[in-house]
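Examination of the molecular architecture
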Amino acid sequence: MAKLLEGKILVEQIKSILRDKINSAGKKLKLVSIQVGVNPACEVYVKSQKRAADLLGIEYQLHQLDKVTNGEGLVSFIQELNQDNSVNGIIIQLPLPLHIDYKKISQFITPGKDVEGMHPLNLGKLIFGKAKILPCTAAAVMELLSSIGLNLSGKEVVIVGHSEIVGKPLSLLLLEKLATVTVCHIGTFKAGKLEEHIKRADVLIMAVGKAGLVKGEWIKEGAVVIDVGINKVGDKIVGDVDFEGASKRASWITPVPGGVGPLTVIMLMRNLVEGANL
Ligand code: NAP
């Protein structure tokens, strides 16, 4: 039976390291969050970011811009924040209204204030293994793997999902650890090859967003399963993997909720502290 790989214990450890750094620097940090229009989907993220910031003594400031704000308006607001020395980090809440392209806009955040780790300069540093500010979810997965002391060198790691925030940056972080990385995606699924790849994974990382995509019997005996997926099924939140079935074969498995999620927000705070050079 698999052991549970929960995020909450790690969260406490990382929080305590960050709190020490902030206290010993004696510097007041400020994180600014920008929301355009009102979207209930943002509220959950804003609340959990504010809670994490409060616990670390970081000032969290939410700016709710009018829903008619256009790309130019948002960029000029970001540029003001870039120049404001009292601001250490900037987050743009998603989803943005359809008339604003997040990929274009996020490039205007100065790299040192890019707490989500999505500026091309920060992403580019991943190629050289030199990134200090990392995409939060990918960083959370790496923390979970490191917490169980797994030596990734030569391990077959299969990632399913090739998004910019999870699968792509994770593949680079895992290569740095000398893992043998396979990235699967919709093309793999359409070719009917998902099962074949998953069955040989020593470490499986799921980041798709489809409940029940992976059957328990596909999991290799003793594999480590990290389920990033978040899916609402009725009134329950589940991942992409059949948790019950996979638990019988895996050595470690993340619960959903309670695995990757709690760590993601604390990675945002770690990026803020890195960006402030504490
Ligand atoms: P995304 O941008 O929609 O990416 C999903 C990926 O899965 C894409 O690469 C997509 O390929 C691929 N895909 C879709 N259907 C597939 C299938 N049947 N078989 C194989 N691959 C398939 O999503 P994301 O932002 O990376 O998020 C992925 C999941 O993680 C979501 O459930 C999200 O809610 C969750 N998430 C959790 C956290 C956390 O903190 N726990 C953070 C971020 C995201 P194509 O794009 O080519 O179709």
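The following refers to the structure shown. Computed from a prediction, not measured in an experiment: that's the story for all the values here. (Residues numbered from 1 in each chain as written. Predicted model: local features only at pLDDT ≥ 70, side-chain atom pairs only at ≥ 80, totals over all residues. Heavy atoms only, no water.)

1. With respect to the sheet that holds strand S11 (residues 252-253)
Spatial ordering of the open sheet is given by S1-S11-S8-S7-S5-S6, a layout of 6 strands whose pairing is parallel. Sheet topology places strand S1 (3-4) and strand S6 (180-184) at the edges, where each strand pairs with a single neighbour. Here strand S5 (residues 156-160) pairs with S6 via 5 bridges, running parallel. Its bridge partner being in S6, Val158 is matched across the sheet by Thr182. Packed on one face of the sheet, helix H6 (residues 136-147) meets strand S7 (203-206) and strand S8 (224-227) and runs near 155 degrees to S8. (Pairing = 2+ DSSP bridges. Helix = DSSP H or I, 4+ residues; strand = E, 2+ residues; numbered from the N terminus. Contact = heavy atoms within 4.5 Å. Axes fitted to C-alpha atoms, helices over the stretch in contact; angles between N-to-C directions.)

2. Quick look at the sheet that holds strand S4 (residues 89-92)
Strand order in this open sheet of 3 strands is S3-S2-S4, and the pairing throughout is parallel. Edge positions in the sheet fall to strand S3 (59-65) and S4, since each has one partner strand and no second. Averaged over neighbouring strand pairs, the angle between their axes works out to 20 degrees when direction is ignored. The pairing of strand S2 (residues 30-36) with S4 spans 4 bridges and is classified as parallel. The partner of Leu31 across the bridge, within S4, is Gly89.

3. Remarks on the pattern of salt bridges
For the structure shown, the criterion picks out 10 salt bridges. In this structure, Asp54 engages Lys50 in a salt bridge whose closest nitrogen and oxygen atoms are separated by 3.0 Å. Taken together, the residues span about one helical turn, with Asp54 and Lys50 both in helix H2 (residues 40-55) at a distance of 4 residues. On the accessibility criterion, Asp54 (43% relative accessible area) is partly exposed. Given the relative accessible area of 36%, Lys50 is considered partly exposed. For the salt bridge of Arg270 with Glu143, the shortest nitrogen-to-oxygen distance reads 2.7 Å. (Salt bridge = Lys/Arg side-chain N within 4 Å of Asp/Glu carboxyl O. Buried < 20%, exposed > 50% of the residue type's maximum accessible area, 1.4 Å probe, protein only.)

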